[in-house]
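Residue-level structure breakdown
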Amino acid sequence: PVGGALGDPPLTDEQKRGNLVRLVFGGSEERFQDFLCIVREDIPPGTGVVVRGSAVTGRRWKDCAPFDADGPGTSDLDLTLVGDQVIGLFTVTGFFVPGMHSRPLSDEDPGIAPDLVPLRETLMTLTGRPVNIQASREVVMQFRGDFLGQPYLTLIEKSEGA
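Rules used in this analysis
- Residues numbered from 1 in each chain as written.
- Predicted model: local features only at pLDDT ≥ 70, side-chain atom pairs only at ≥ 80, totals over all residues.
- Heavy atoms only, no water.
- Helix = DSSP H or I, 4+ residues; strand = E, 2+ residues; numbered from the N terminus.
- Buried < 20%, exposed > 50% of the residue type's maximum accessible area, 1.4 Å probe, protein only.
- Contact = heavy atoms within 4.5 Å.
- Areas by Shrake-Rupley, 256 points an atom, 1.4 Å probe, with all protein chains shown as cover.
- Salt bridge = Lys/Arg side-chain N within 4 Å of Asp/Glu carboxyl O.
- Axes fitted to C-alpha atoms, helices over the stretch in contact; angles between N-to-C directions.
- Parallel < 35°, antiparallel > 145°, perpendicular 65-115°, else oblique.
- Nonpolar A, V, L, I, M, F, W, Y, C, P; charged D, E, K, R; others polar.
- Phe/Tyr/Trp six-rings, centres within 6.5 Å; stacked < 30°, edge-to-face > 60°.
- Expected span 1.5 Å × (residues − 1).

**Observations regarding the overall build of the protein**
The secondary structure content of the protein amounts to six helices and six strands. In sequence order, the protein lays out its α and β elements as α-α-β-α-β-α-β-β-α-β-α-β. Taking all 162 residues of the protein together, 43% fall into the buried category. Once local pairs closer than 6 in sequence are excluded, the contacts in the protein between residues at least 24 apart make up 69%. Accessible surface for the protein amounts to roughly 8400 Å². Of this, 55% is attributable to carbon and sulfur atoms.

**Topic: the pattern of salt bridges**
Pairing between side chains of opposite charge can happen when their charged atoms approach one another. According to the stated counting rule, one finds eight salt bridges in the structure shown. Among the charged side chains, a salt-bridge network with shared partners connects Arg60, Asp63 and Asp70.

**Details of the packing of helix 1 (residues 13-24) against helix 2 (residues 29-42)**
Across the interface, helix 1 lies against helix 2 with an axial gap of 9 Å and an inter-helix angle of 100°. If you check the angle between helix 1 and helix 2, you find them roughly perpendicular. Two secondary-structure elements touch here, helix 1 through Arg17, Leu20, Val21 and Val24 and helix 2 through Glu29, Arg31, Phe32 and Gln33. Its residues assigned to classes, the contact of helix 1 with helix 2 comprises four nonpolar, one polar and three charged.

**Quick look at the environment of Asp42**
As for its position among the elements, Asp42 is in helix 2. On the basis of relative accessible area, Asp42 is assigned to the partly exposed category, the value being 41%. Spatially, the C-alpha atoms of Asp42 and Asp115 are 9.7 Å apart, while their sequence positions differ by 73 residues.

**Structural notes on unusual backbone geometry**
One non-glycine residue, Cys64, lies in the positive phi region at around 60°. The residue Cys64 is located in the loop between helix 3 (54-57) and strand 2 (77-82) in this model. On the basis of relative accessible area, Cys64 is assigned to the partly exposed category, the value being 28%. Unusually for a residue other than glycine, Asp68 sits at a positive phi of about 60°. Counting through the fold element by element, Asp68 comes out in the loop between helix 3 and strand 2. Overall, the relative accessible area of 18% leaves Asp68 in the buried class.

**Here's the deal with the packing of aromatic side chains**
The tally for this structure, following the rule as stated, stands at three aromatic pairs. Measuring from ring centre to ring centre gives 5.2 Å for Phe25 and Phe35, while their planes differ by 65°; the resulting arrangement is edge-to-face. Of the two residues, Phe25 is situated in the loop between helix 1 and helix 2 and Phe35 in helix 2; the sequence distance between them amounts to 10 residues. Like Phe25, the residue Phe35 is buried in the burial classification. Through successive ring pairs, a cluster of aromatic residues spans Phe25, Phe32 and Phe35.

**Looking at helix 1**
Given a rise of 1.5 Å per residue, 12 residues ought to cover 16 Å, and the 16 Å separating the end C-alpha atoms of helix 1 matches this to within 8%. Every buried residue of helix 1 is accounted for by Lys16, Asn19, Leu20, Val21, Leu23 and Val24. Gly26 lies just past helix 1 and shows a positive phi near 60°.

Okay, structure coming up:
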């Protein structure tokens, strides 16, 4: 199932996860689990990880085009790392909202989180597509998801007390 079009019913977490595994990992649960292991090893303790965008909805937000509409590997994967420690991995100039919500580490902005570049490169090799990595505080993710209705899927829960 896909979603993401105005008026579509919200996708369940199970549907979002199914879209992610099918679209990004070619239906391979093993590749998805490898991805999760790599991310877990490279993020600070107490960091949550969510994925947003067309990888979970199956459609681009701005024009409802299907995932990879421009060819295999053309749609990106948008990871958001959630927590206090990960905010410190971004440079002062790497934020939309200073200390709260970073810009994405991407080809356009490779210097804003130098310590995350090796993780990004590994994930791009594994997935065969661009991977963008942002950092946010939990309140920002709650605002975007609950108030603005932007769908996301939690891949790794933020540890208690972190």
